[in-house]
Amino acid sequence: MSFLLKNATLPNGTKTDLAIQNGRYVAVGSLIPEHKVIDLGGKQVLPGLVDLHTHLREPGFEESETVATGSLSAVRGGFTAISAMANTSPVADTAGVVEQVYRLGQSAGLCDVFPIGAVTQGLKGETLSEIGAMADSAARVRVFSDDGKCVFDPLIMRRALEYVKKFDGVIAQHAQEPALTQDSQMNEGEISAQLGLKGWPAVAEEAIIARDVLLAEHTNSRLHICHLTTAGGVEIIRWAKARGIQVTAEVTPHHLLLTDDYAKNYDPIFKVNPPLRLESDVIALRAGLADGTIDIVATDHAPHSSESKDCEWAVASFGMVGLETALSIVIKTMVESGAMSYEGVAERLSIAPARIARYENHGQAIEVGNVANLTVVDTAAQCTVDRDLMSTRSKNTPFHGFELPGVITHTFFNGKLVFGE
Ligand SMILES: [Zn+2]
């Protein structure tokens, strides 16, 4: 199908009409007569959002999410590419499993689902997985991560960084020093002391980030730090970038908005790994995202069944869903505060993640000739988050009932309208 989108506002503020035909943007004048006209009425358009950190739970935990339900959740959130983390069952540590996930994404057909390969076999941290075979597979894996667990052994980390250089890959580290975080439940501080919950100190995250930027320098390889949460972590990344180290970093929407204050009522909907931190950390994360120290926003979309969240804090699972609220939270925390423009949003949520992961056809300029992966958002509209209206199979959003700015009205994937009408 061909489309004429009238009255779009590009990230740089320019008003224009856009034409889409055979999957790409074409000149408005060259559009065939049989096209659908959609008047966007000045709505903001962005290159299709790209998430580098998505837990899709298939294979193995389909009661929480499948590749298909996660894809639907993604396009409702404006994402045209998502990255399936490897902590499935079986773990995505072989060419066979990553190809399975990739094909499930293709058959869902709503967005690109790019599997992330495990760094170590079974996420055990002991032996490197089949990194080369996953890179050569049909899924062409370029991002490797044991996310959920930290690649703790420095020799394994060094070898992994060396290995992925061969094909321009990147290691995405979940920075969590295991001995310092054993049985940890939330941020270590005044509130964890008040609540009697075991704390998770900032240094447990920062010590691994510091070690790994030095390993990235030593190996001259590419490192990506997942879900940065502390002011100290931002400082280390800033130092490493100034030194020319090839490191990139992400922050989640929930760490841009929420603090450990939310744990005060023991509601495990706010239990997440890494934990919600302090107001001073939130301020540093926003500043780091605004100035480019933090390259991208990634959701860490982590669906969990109600049984594993509707229980006592100490036994509840870590994690929050995030695909359908990510853009609204970025608008609330970064755009409405004046810290970022929509060009910045396009860079942090589409262009930079596509560049880090080497995803072709994503994060491209909205211009004639490029593949039409496009998100349309009504930035003037407000929505009240309702977990029961979400497409994700799990309901563990911490934002239920929040009033947030921005409503996604259309998502185009490879020139097809996959959300909206
Ligand atoms: Zn993680």
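Think of each chain on its own: its residues are numbered from 1, step by step along the sequence as written. It should be noted that, the model being predicted, local features are given only for residues of pLDDT at least 70 and side-chain atom pairs only at 80 or more, the latter also being counted only at that level, while totals for whole chains, interfaces and linings use all residues. In computing side-chain properties, one takes all heavy atoms of the structure into account and sets aside hydrogens as well as water.

Side note on the overall build of the protein chain
How we decide: Numbering goes from the N terminus for both helices and strands, where a helix is a DSSP run of H or I of at least four residues and a strand is a run of E of at least two. Taken over C-alpha atoms, the radius of gyration is set against a globule rule of 2.2 Å times the number of residues to the power 0.38. Relative accessible area decides the class of each residue, using a 1.4 Å probe on protein chains only: under 20% of the type maximum gives buried, over 50% gives exposed, and in between gives partly exposed. Two residues form a contact once any of their heavy atoms are found within 4.5 Å. Here the Shrake-Rupley method, with its probe set to 1.4 Å, supplies the accessible areas, and only the displayed protein chains count as covering residues.
Helix and strand content of the protein chain: eleven helices and 18 strands. For a compact globule of 421 residues, the expected C-alpha radius of gyration is about 22 Å, and the protein chain comes in at 20 Å, within 12% of that figure. For the C-alpha atoms alone, the extent of the protein chain along its principal axes is close to 65 × 45 × 45 Å. The burial tally for the protein chain puts 61% of its 421 residues in the buried class. Contacts in the protein chain between residues far apart in sequence, at least 24 positions, make up 75% of those at least 6 positions apart. Split by element, the accessible area of the protein chain, about 15,500 Å² in all, is 50% carbon and sulfur.

Describing the packing of helix α1 (residues 67–76) against helix α2 (residues 95–108)
Condition: For helices, the axis comes from a line fit to the C-alpha atoms of the stretch in contact; other axes are also lines fit to C-alpha atoms, and the angle between any two N-to-C directions lies between 0 and 180 degrees. Here roughly perpendicular refers to angles of 65 to 115 degrees, roughly parallel to angles under 35, roughly antiparallel to angles over 145, and oblique to all remaining angles. Left-handed describes a crossing in which the near helix is turned anticlockwise from the far one by less than a right angle; the clockwise case is right-handed.
One way to put it is that α1 packs onto α2 with a least axis distance of 9 Å and a crossing angle of 55°. Taken together, the axes of α1 and α2 are oblique relative to one another. Crossing hand, α1 versus α2: right-handed. Contact residues: α1 offers Val67, Ala68 and Ser71, while α2 offers Val101, Leu104, Gly105 and Ala108.

Considering the nonpolar core
Applied cut-off: Buried Ala, Val, Leu, Ile, Met, Phe, Trp, Tyr and Cys residues form a nonpolar core when they are joined through side-chain atoms within 4.5 Å.
Core analysis: the largest hydrophobic core is formed by 75 residues, its most contacted members being Phe144, Leu228, Leu327 and Val345. Setting aside residues up to four positions removed in sequence, valine 345 forms contacts with Leu46, Leu327, Val330, Val335, Met340 and Ser350. Met186, Val272, Met390 and Leu404 belong to the second-largest nonpolar core, a separate cluster that totals 20 residues.

With respect to the environment of glutamine 21
We count it as follows: We define a polar contact as two N or O atoms separated by no more than 3.5 Å, with the added condition that, inside protein, one atom must be a possible hydrogen donor and the other a possible acceptor, whereas residues neighbouring each other in sequence contribute only through side-chain atom pairs.
For glutamine 21, the location among the structural elements is in strand β2 (residues 15–21). Sequence separation between glutamine 21 and lysine 416 is 395 residues; the distance between their C-alpha atoms is 9.2 Å. When neighbours within four sequence positions are excluded, glutamine 21 is seen to be in contact with Ser2, Val26, Ser30, Leu31 and Ile32. Side-chain polar atoms of glutamine 21 contact the backbone nitrogen of isoleucine 32, separated by 2.9 Å.

Some remarks on the pattern of salt bridges
Note the following rule: Any carboxyl oxygen of Asp or Glu that lies within 4 Å of a side-chain nitrogen of Lys or Arg is treated as forming a salt bridge with it.
What the rule picks out here adds up to 15 salt bridges. Linking glutamate 324 and arginine 76 is a salt bridge whose minimum nitrogen-to-oxygen distance equals 3.9 Å. Here glutamate 324, found in the loop between β15 (296–297) and α10 (326–335), pairs with arginine 76, found in helix α1; they are 248 residues apart in sequence, far enough to count as distant. By relative accessible area, which is 18% here, glutamate 324 ends up buried. Residue classification places arginine 76 among the partly exposed residues on the basis of a relative accessible area of 32%. Here glutamate 235 ties to arginine 238 by a salt bridge, and the two come within 2.6 Å at their closest N and O atoms. In this pair, glutamate 235 and arginine 238 both sit in helix α7 (residues 231–242), three residues apart, roughly one turn of the helix. Arginine 238 gets classed as partly exposed once you look at its relative accessible area, which sits at 29%.

A short note on the sheet that holds strand β13 (residues 223–225)
Here is the rule we go by: Two strands are counted as paired when DSSP detects at least two bridges linking them.
Pairing is parallel across the open sheet formed by five strands, whose spatial order is β9-β10-β13-β14-β15. Strands with a single pairing partner mark the edges of an open sheet, and in this sheet they are β9 (143–144) and β15. Of the pairings in the sheet, the one linking β9 to strand β10 (residues 170–173) comprises two bridges and is parallel in character. Counterpart to phenylalanine 144 in the pairing with β10 is isoleucine 171.

Considering the side chain of aspartate 295
Mapped onto the fold, aspartate 295 is located in the loop between α9 (279–291) and β15. Within the local environment of aspartate 295, its side chain forms a polar contact with the side chain of lysine 241, the two groups lying 2.7 Å apart. Engagement of the side chain of aspartate 295 in a polar contact is seen with the backbone nitrogen of alanine 249, the distance being 2.9 Å. The residues contacting aspartate 295, other than those within four sequence positions of it, are Lys241, Val247, Thr248, Ala249, Arg348, Ala352 and Ile356.

Some thoughts on the pairing of β10
A two-sided burial pattern is seen for β10, the buried positions comprising Val170 and Ala172 on one face and Ile171 and Gln173 on the other. Bridging between β10 and β13 involves three bridges; their strand directions are parallel. Across the sheet, residue alanine 172 finds its bridge partner in β13, namely histidine 224.

Here's the deal with the sheet that holds strand β8 (residues 112–115)
As summarised here, the arrangement of the three strands in space is β6-β7-β8, forming an open sheet in which the pairing is parallel. If you trace the sheet from one side to the other, it starts and ends with β6 (49–54) and β8, each paired once. Averaged over neighbouring strand pairs, the angle between their axes works out to 20° when direction is ignored. Judged from the four bridges that link them, β6 and strand β7 (residues 79–84) form a sheet pairing that is parallel. Within β7, the residue paired with threonine 54 across the bridge is alanine 84. Most of the contacts of α2 go to β8, to which it runs at about 175°, and overall it touches β7 and β8.

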